[in-house]
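Breakdown of the fold
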Amino acid sequence: MSGYELLAPALAGCGRERFTGELRIAGSPGGTVHLRDGLVVAGESPGAPGPEALLLRSGRVSGEQWAELVRESGGARWPATGLVAHGYAGAAQLKVVCVMALHDAAFAIAAGRTDGCERAPAAEPFAQVAVGESPSRLLRETARRLAALAALPHPVHPDRERPVPVSPSDTGEGPRPLSELRRELLAHADGRRTARDLAFRTGRGVYTVTVEVARMLAEGLLRCPPEPLPIPVLRTPPDSGGVRPRTPGPPPGPHPSPPPAIPAALPRRRPGGFFRLRNGIPK
């Protein structure tokens, strides 16, 4: 079942019942939505970069500074207090990053495959929006993103197509002016990375990267090579009746006659080196 078809009623039910805890979505990529009194306060998915990746990509804080903040906070995954205290990010910017991560996780879950949803009690999530968002609003935004992606001339799936760059010589055109995001995508698209992989590689939202990959495919900046043909597997012919037992060969014939026995002693030679013969037989 598509991710949205199962996510929408499950999340809407949590809102009506003012549920507090986690809504765990199994599937590919799946994920978790955190709620408090029926409002969504955070979301995470293996299919989308989290708020820490988005913040580090913004350049406001380096990897070394982030590691030091985590040590100062005793291992907190989201050291918001330290980020504000050291001036690396403002409180408003952290709220924006958390909202971006929440919507990106919801998009990744809805664009994938969902096998089931279950509720579970849980502690407070590590990075949450300040007020919370109603499930209906989050679902509307997620549906809008899915529809916008599907309406593009060359829609792609976040975890399916693996594009490669198109050389300007192949298109007969000269170099085009490119945005920073497009330059990064051209640098990292190698035929093995999907839009999801490129999002993690560049530290961008998976929805943003998926839309940009679709546009670049339509404009001829990227192309999707054909999938390699599967290796053929030899099968038993239909009329063979399956695996045939091995037919034993003919029984072995009689054993050959044993070689003649070697005489115990050779006949003596006469002095002079010649044998005496009788009827042609050495004596």
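Keep in mind that what you see is a predicted model, and the values were worked out from it rather than measured.

Notes on the packing of aromatic side chains
Evaluated as defined, the whole model comprises two aromatic pairs. Considering the side-chain rings of W66 and W78, the 6.0 Å spacing of their centres and the 55° angle between planes classify their relative orientation as tilted. Separated by 12 residues along the polypeptide, W66 in helix α3 (residues 63-72) and W78 in the loop between α3 and α4 (80-85) bring together distant segments of the chain. For the ring pair F107 and Y207, a centre distance of 5.1 Å and an interplane angle of 75° mean the geometry is edge-to-face. Linking F107 in helix α5 (residues 91-111) with Y207 in helix α10 (residues 206-218), this pair joins segments that are 100 residues apart in sequence. Residue F107 is classed as buried on the basis of its relative accessible area of 0%. A relative accessible area of 14% places Y207 in the buried class. Geometry around F19 places R119 over its ring, the cationic atom sitting 5.1 Å from the centre.

Some thoughts on the pattern of salt bridges
A side chain with one charge can pair with a side chain of the opposite charge if their charged atoms come near. This model, assessed by the stated rule, comprises 19 salt bridges. In this structure, R192 engages D190 in a salt bridge whose closest nitrogen and oxygen atoms are separated by 2.9 Å. Look at R192 and you get exposed, because its relative accessible area is 60%. The class of D190 is partly exposed, set by a relative accessible area of 26%. Overlapping salt bridges bring together R57, E180, E184 and R204 as one network.

A word on the layout of surface pockets
A probe as big as a water molecule, rolled over the atoms, marks out the empty space that is left. As a volume, the largest pocket reaches approximately 280 Å³. Along the walls of the largest pocket sit 15 residues, with L54, M100, R204, G205 and T208 positioned nearest its centre. Of all the secondary structure elements, the ones that give two or more residues to the lining of the largest pocket are α2 (51-57), α5 and α10. Counting residues per element, the lining of the largest pocket draws most heavily on α5, at six residues. Of the residues belonging to the lining of the largest pocket, the class tally is five nonpolar, six polar and four charged.

Criteria and cut-off values
- Residues numbered from 1 in each chain as written.
- Predicted model: local features only at pLDDT ≥ 70, side-chain atom pairs only at ≥ 80, totals over all residues.
- Heavy atoms only, no water.
- Phe/Tyr/Trp six-rings, centres within 6.5 Å; stacked < 30°, edge-to-face > 60°.
- Helix = DSSP H or I, 4+ residues; strand = E, 2+ residues; numbered from the N terminus.
- Buried < 20%, exposed > 50% of the residue type's maximum accessible area, 1.4 Å probe, protein only.
- Lys NZ or Arg CZ within 6 Å of the ring centre and 35° of its normal.
- Salt bridge = Lys/Arg side-chain N within 4 Å of Asp/Glu carboxyl O.
- 1 Å grid on protein atoms, 1.4 Å probe; cavity = no way out; pocket = protein on both sides within 12 Å on 5 of 7 lines; lining within 4 Å.
- Points joined across faces, edges and corners; volume = space filled by probe spheres on them.
- Nonpolar A, V, L, I, M, F, W, Y, C, P; charged D, E, K, R; others polar.

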